Amino acid sequence: RHKFWETQPVGQFKDIGDPSLPEGPIEPPTPLFEVKQEPYNLPNHYEWITCDINSEEMCNEVYTLLANNYVEDNENMFRFNYSKEFLRWALQPPGYFRSWHIGVCVKNSKKLVAFITGIPVRIRVHNEVVNMAEINFLCVHKKLRSKRLAPVMIKEVTRRVHLENMWQAAYTAGVVLPTPIASCQYWHRSLNPKKLIDVGFSRLGARMTMSRTTRLFKLPESTITPGFRKMEIHHVPAVTRLLRNHLNHFVVAPDLDENDVGHWLLPEENVVDSYVVECFETLEITDFVSFYTLPSAILGNQNYSLLKAAYSFYNVSTKTPLPQLVNDALVVAKQKEYDVFNALDIMQNETFLKELKFGPGDGKLHCYLYNYRLSHALKPSELGLVLL
Ligand code: NHW
Ligand code: EN5
């Protein structure tokens, strides 16, 4: 069934539920000098490039490859449209390796036809913190599909991760592979229901009119939580303390320090938005909420070409009830003209999804670890990791 994945150190379907298999690394690290020193072979006429995402030209190439060839929904109506600013942010966290931004291009024309990336991350699994790579943006040009290029790309990124003495990875996908550590569901909260219905993202419910639907999803003009404000750099230590404490409650979660929080959570226009709740008297930070911006291209609609979507990122509530906090994020997203607010059923998100009128989507997101076995799959609520 899985000619490639059967050869890889990942949990295999046949091993599910086998109590004799220990939790932890599947293969031990090999001595660094034994890691293959040369890149894997590509088909004739193609070559590897290491992408400099800071170069305007290279960033454009990557942006265009993904805009035309990256992930679509099951009916090919929408395609993720990561912005260039987003890609720079996603690919250059503290300690990133340029060698993990890998392209394949045509030798003659230098046209980029495939891409895969890794970034370093510390991930805690139960009580153990492991240095891992987060793999994302695997993409093969539509015209080069089903030629077994993806396995070569995965082996090449694995080799380059090994060269940095890292032996585990985390990744997510909409497809089922051997074998998910958690299988999560997308939920969607309409902010602009008329547009969502017009473009086929959602449907008018049974016995619903457009005006009833608009009323159903109406939000207040402004946020209601006292002390709700945009996160600033001086909030980083407090947000880091809150977040580290919060992430301890999950079985798998990133281990973030102040540097990471500064990178991943300081607001950046049209990339990431974060809000803190500052106590009026003590100036203490009691809560925060964040979302990232990932529009989708609307394929083949006369009236609209882009769906503006916000995705719930990391949220922590200690004083403000989580539903109220996220409702304020919905209000902000609506003010900023997002069409939809998306969230997975991970962490404590189930405590607000129904109450805030999110509805289940038709997409799933499966989360995976490479070279690390878990004895049981997690419930989505046990997963504390959000990949972009
Ligand atoms: S998930 C998004 C992936 N990208 C897309 O869906 C974009 C649109 N699709 C494409 O570009 C987020 C192509 O269809 C792709 C496959 C490139 C997906 N993950 O070349 P072939 C990520 O970026 C397996 C992993 O002929 P193709 C996460 C498939 O099962 N494997 O197919 C990426 C089969 O293997 P099998 C996937 O359609 C994580 C083989 O590829 C996959 O032309 C990567 C077929 O290859 C997917 N999403 O290209 C793993 N989709 O065994 C990282 C298909 O079943 C692992 N396949 O025969 C960790 C590495 C680091 C370790 C460090 C220690
Ligand atoms: C790597 N980091 O399928 C990620 N999206 O539900 C890669 N559906 O938008 C993996 N099909 O349900 C990504 N509307 C895997 C996801 C790929 C994209 C995807 C799904 C997630 C999605 C929408 C549109 C469906 C269009 C037809 C959907 C229903 C919304 C409705 C709003 C009102 C309340 C009920 C739900």
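The pLDDT averaged across the protein works out to 98; a share of 100% of its residues lies at or above 70. Listed scores for the predicted complex are pTM 0.98 and ipTM 0.99.

Let's shift gears to helix α8 (residues 322-335). Taking 1.5 Å as the rise per residue, α8 with 14 residues should run 20 Å; its terminal C-alpha atoms sit 20 Å apart, in good agreement. Judged by how many residues are buried, α8 sits mostly within the fold: eleven of 14 residues are covered. Looking only at α8, the buried set comprises Leu322, Pro323, Leu325, Val326, Asn327, Asp328, Ala329, Leu330, Val331, Val332 and Ala333. Contact partners of the buried residues in α8: β7 (182-190), β8 (228-230), β10 (272-278), β11 (285-293), β15 (316-317) and β16 (340-344). Phi for glutamate 337, located one or two positions after α8, is positive at around 70°.

Bringing the site of ligand 1 into the picture now. Taken together, 33 residues lie around ligand 1, and His2, Trp5, Leu138, Ser146 and Ala150 are the ones closest in. At a separation of 2.7 Å, a nitrogen atom of ligand 1 approaches a polar backbone atom of leucine 138. Within the backbone of serine 146, an N or O atom sits 2.7 Å from an oxygen atom of ligand 1. For ligand 1, the protein covers 88% of the area, taking 1200 Å² as the surface of the free molecule. Mapped by element, the contributors of at least two residues to the shell around ligand 1 are β5 (128-140), α3 (149-163) and β6 (168-173). Tallying contributions element by element places α3 first for the shell around ligand 1, with eight residues. A breakdown of the residues in the shell around ligand 1 according to their chemical character gives 21 nonpolar, eight polar and four charged.

Looking now at the side chain of aspartate 260. Among the structural elements, aspartate 260 can be located in helix α7 (residues 258-265). Judged by its relative accessible area of 10%, aspartate 260 is buried. A polar side-chain atom of aspartate 260 sits 3.0 Å from a polar atom in the side chain of arginine 122. Reaching out from aspartate 260, the side chain makes a polar contact with the backbone nitrogen of aspartate 257 at a distance of 2.9 Å. Once residues lying within four places of it in the same chain are set aside, the contact partners of aspartate 260 are Pro94, Arg122 and Asp255.

So, about a nonpolar patch on the surface. A surface patch of nonpolar side chains, amounting to about 290 Å² of accessible area, comprises Phe13, Ile16 and Val176. What makes phenylalanine 13 partly exposed here is its relative accessible area of 37%.

What follows deals with the sheet that holds strand β2 (residues 78-80). Taken together, the three strands give an open sheet; going across it, the order is β2-β12-β13, and neighbouring strands pair in antiparallel fashion. Looking at the sheet topology across the chains shown, the edges are occupied by β2 and β13 (306-307). The pairing of strand β12 (residues 296-298) with β13 spans two bridges and is antiparallel. Of the residues in β13, the one forming a bridge with serine 296 is leucine 307.

Bringing the site of ligand 2 into the picture now. The environment of ligand 2 is made up of 23 residues, and the closest members are Asp73, Asn74, Glu75, Asp362 and Leu388. Here a nitrogen atom of ligand 2 and a side-chain polar atom of asparagine 74 are 2.7 Å apart. Measuring from a nitrogen atom of ligand 2, one finds a backbone N or O atom of leucine 388 at 2.7 Å. For ligand 2, whose accessible area on its own is 880 Å², the fraction buried by protein is 85%. For the shell around ligand 2, the elements supplying multiple residues, two or more each, are β2, β7 and β17 (359-370). The greatest single-element share of the shell around ligand 2, amounting to seven residues, is contributed by β17. Taken together, the residues of the shell around ligand 2 sort by class into nine nonpolar, ten polar and four charged.

Located in the positive-phi region is asparagine 76, a residue other than glycine, with phi close to 55°. With respect to the helices and strands, the residue asparagine 76 is situated in the loop between α1 (56-69) and β2. Backbone geometry places arginine 148, a non-glycine residue, at a positive phi of 65°. Turning to its location among the elements, arginine 148 is positioned in the loop between β5 and α3. We classify arginine 148 as exposed; its relative accessible area is 53%.

What counts and what doesn't
Residues numbered from 1 in each chain as written. Chains lettered and ligands numbered in written order. Predicted model: local features only at pLDDT ≥ 70, side-chain atom pairs only at ≥ 80, totals over all residues. Heavy atoms only, no water. pLDDT = per-residue confidence, 0-100. Helix = DSSP H or I, 4+ residues; strand = E, 2+ residues; numbered from the N terminus. Expected span 1.5 Å × (residues − 1). Buried < 20%, exposed > 50% of the residue type's maximum accessible area, 1.4 Å probe, protein only. Contact = heavy atoms within 4.5 Å. Near = heavy atom within 4 Å. Polar contact = N/O pair within 3.5 Å; in protein donor to acceptor, adjacent residues only side chain to side chain. Areas by Shrake-Rupley, 256 points an atom, 1.4 Å probe, with all protein chains shown as cover. Nonpolar A, V, L, I, M, F, W, Y, C, P; charged D, E, K, R; others polar. Patch = residues over 30% accessible without salt bridge, like charges linked within 9 Å, V, L, I, M, F, W, Y side chains within 5 Å. Salt bridge = Lys/Arg side-chain N within 4 Å of Asp/Glu carboxyl O. Pairing = 2+ DSSP bridges.

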